[in-house]
Amino acid sequence: MTENIDISSHDKHIVFIGFMGAGKTTIGQLVAKKLHRDFIDIDHEIERIHQMPVSAIFQELGEASFRKMERELIVALCSETRSKILSLGGGAYMQEEVRKACLANCIVFFIDVSWDSWKERIPLLIDTRPILQNKTLDQIEELFLSRQSTYAMSHYTISSSDMDAETAANQIVESLKQA
Ligand SMILES: Nc1ncnc2c1ncn2[C@@H]1O[C@H](COP(=O)(O)OP(=O)(O)OP(=O)(O)O)[C@@H](O)[C@H]1O
Ligand SMILES: O=C(O)C1=C[C@@H](O)[C@@H](O)[C@H](O)C1
Ligand SMILES: [Mg+2]
């Protein structure tokens, strides 16, 4: 685990960012259970609010509408006082307004995964992630690499490449206790 910048408060929301399939939802749920905090997965919350799967929102309303929904939801949640665990969708942090709200109000964990490890997870992701549709592997790798420097604007980085979700969650909880 790498600490990227100083963090001052224990009462902040905890936010997980990173590429599709890095493990944000899986690890976020585990951390929430361990810390007895409310857990919100932004993709799932958007699906619940709009009663549509993310893939249908992309198809029927367009990506720009989805990005607006996720931006407004994240910014609103960041200003709530009861601290929560939030797992963002893979593209949410690309929006400046989302980054600013998260960095100001939350402890942000970048769940990193190597490209080689990520490729092994493709079968788990391909049907439900519209961003992966109609792209070659090279195009997906380009997208993966282009997002890395933005994800790095976070408080902590943890690699999920060689670690199962339970171990990653335990490390995160430990690092929060020590902070
Ligand atoms: N550390 C891990 N090692 C191996 N597989 C993992 C790990 N973490 C998650 N997975 C698996 O990868 C798949 C995607 O995980 P998850 O849904 O948590 O990713 P995500 O980061 O939330 O993706 P998205 O941005 O699309 O929401 C799941 O099937 C999950 O079981
Ligand atoms: O990486 C992305 O742009 C996305 C990731 C998913 O979590 C969803 O938010 C959606 O499929 C878009
Ligand atoms: Mg997720």
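Residues numbered from 1 in each chain as written. Chains lettered and ligands numbered in written order. Predicted model: local features only at pLDDT ≥ 70, side-chain atom pairs only at ≥ 80, totals over all residues. Heavy atoms only, no water.

Per the UniProt record, the feature "binding site: ATP" (unreviewed entry) sits at Gly-21, Ala-22, Gly-23, Lys-24, Thr-25, Thr-26 and Arg-129. Lining the largest pocket, from the residues named above, are Gly-21, Ala-22, Gly-23, Lys-24, Thr-25, Thr-26 and Arg-129. With respect to the element layout, Lys-24 can be found in helix H1 (residues 24-35). Residue class for Lys-24 comes out buried when judged on its relative accessible area of 5%. Filtering out sequence-adjacent residues up to four positions away, Lys-24 remains in contact with Phe-16, Ile-17, Gly-18, Phe-19, Ser-87, Leu-88, Gly-89, Gly-90 and Ile-111. Looking at Thr-26, the relative accessible area reads 42%, which means it is partly exposed. (UniProt positions renumbered as here; feature names shortened; annotations may be inferred. 1 Å grid on protein atoms, 1.4 Å probe; cavity = no way out; pocket = protein on both sides within 12 Å on 5 of 7 lines; lining within 4 Å. Helix = DSSP H or I, 4+ residues; strand = E, 2+ residues; numbered from the N terminus. Buried < 20%, exposed > 50% of the residue type's maximum accessible area, 1.4 Å probe, protein only. Contact = heavy atoms within 4.5 Å.)

When its volume is computed, the largest pocket comes out at roughly 680 Å³. Lining the largest pocket are 35 residues, with Gly-21, Thr-25, Asp-43, Leu-125 and Arg-129 sitting closest to its centre. With four residues, the single largest contributor to the lining of the largest pocket is H1. Residue classes in the lining of the largest pocket are distributed as 14 nonpolar, 11 polar and 10 charged. (Points joined across faces, edges and corners; volume = space filled by probe spheres on them. Nonpolar A, V, L, I, M, F, W, Y, C, P; charged D, E, K, R; others polar.)

Moving on to the UniProt feature "binding site: Mg(2+)" (unreviewed entry) in the protein. Mapped onto this structure's residue numbering, the UniProt feature "binding site: Mg(2+)" (unreviewed entry) falls at Thr-25. Residue classification places Thr-25 among the partly exposed positions, given a relative accessible area of 26%. Excluding anything up to four places from it in sequence, Thr-25 contacts Phe-39, Asp-41, His-44 and Ser-87.

Around ligand 2 lies a shell formed by Met-20, Asp-43, Val-54, Phe-58, Phe-66, Arg-67, Gly-89, Gly-90, Gly-91, Pro-130, Ile-131 and Arg-147. Gly-90 places a main-chain nitrogen or oxygen 3.1 Å from an oxygen atom of ligand 2. Arg-147 places a polar side-chain atom, nitrogen or oxygen, 2.6 Å from an oxygen atom of ligand 2. Burial of ligand 2 by the protein chains amounts to 97% of its free accessible area of 310 Å². Listing elements by their share of the shell around ligand 2, those giving two or more residues are helix H3 (54-61) and helix H4 (63-78). For the shell around ligand 2, a count of residues per class yields six nonpolar, three polar and three charged. (Near = heavy atom within 4 Å. Polar contact = N/O pair within 3.5 Å; in protein donor to acceptor, adjacent residues only side chain to side chain. Areas by Shrake-Rupley, 256 points an atom, 1.4 Å probe, with all protein chains shown as cover.)

Quick look at the packing of aromatic side chains now. In total, this model carries eight aromatic pairs according to the counting rule given. Measuring from centroid to centroid gives 5.1 Å for Phe-19 and Phe-144, while their planes differ by 80 degrees, and the two rings are edge-to-face. You can see Phe-19 sitting in the loop between strand S2 (13-17) and H1 and its partner Phe-144 sitting in helix H8 (residues 137-151), a full 125 residues away along the chain. Owing to a relative accessible area of 2%, Phe-19 belongs among the buried residues under this scheme. Measuring from ring centre to ring centre gives 4.7 Å for Phe-109 and Tyr-156, while their planes differ by 10 degrees; the resulting arrangement is stacked. Of this pair, Phe-109 sits in strand S5 (residues 106-112) while Tyr-156 sits in strand S6 (residues 156-159), placing them 47 residues apart in sequence. (Phe/Tyr/Trp six-rings, centres within 6.5 Å; stacked < 30°, edge-to-face > 60°.)

Here the focus is the site of ligand 1. Contacts to ligand 1 come from 18 residues, most closely from Gly-21, Lys-24, Thr-25, Thr-26 and Arg-129. Between Ala-22 and ligand 1, the recorded distance is 3.2 Å, taken from a backbone N or O atom to an oxygen atom. The separation between an oxygen atom of ligand 1 and a polar side-chain atom of Arg-129 is 2.6 Å. If ligand 1 stood free it would expose 640 Å²; the protein chains cover 78% of that surface. Broken down by element, the shell around ligand 1 gets its largest block of residues, three residues, from H1. Residues that form the shell around ligand 1 fall into these classes: seven nonpolar, six polar and five charged.

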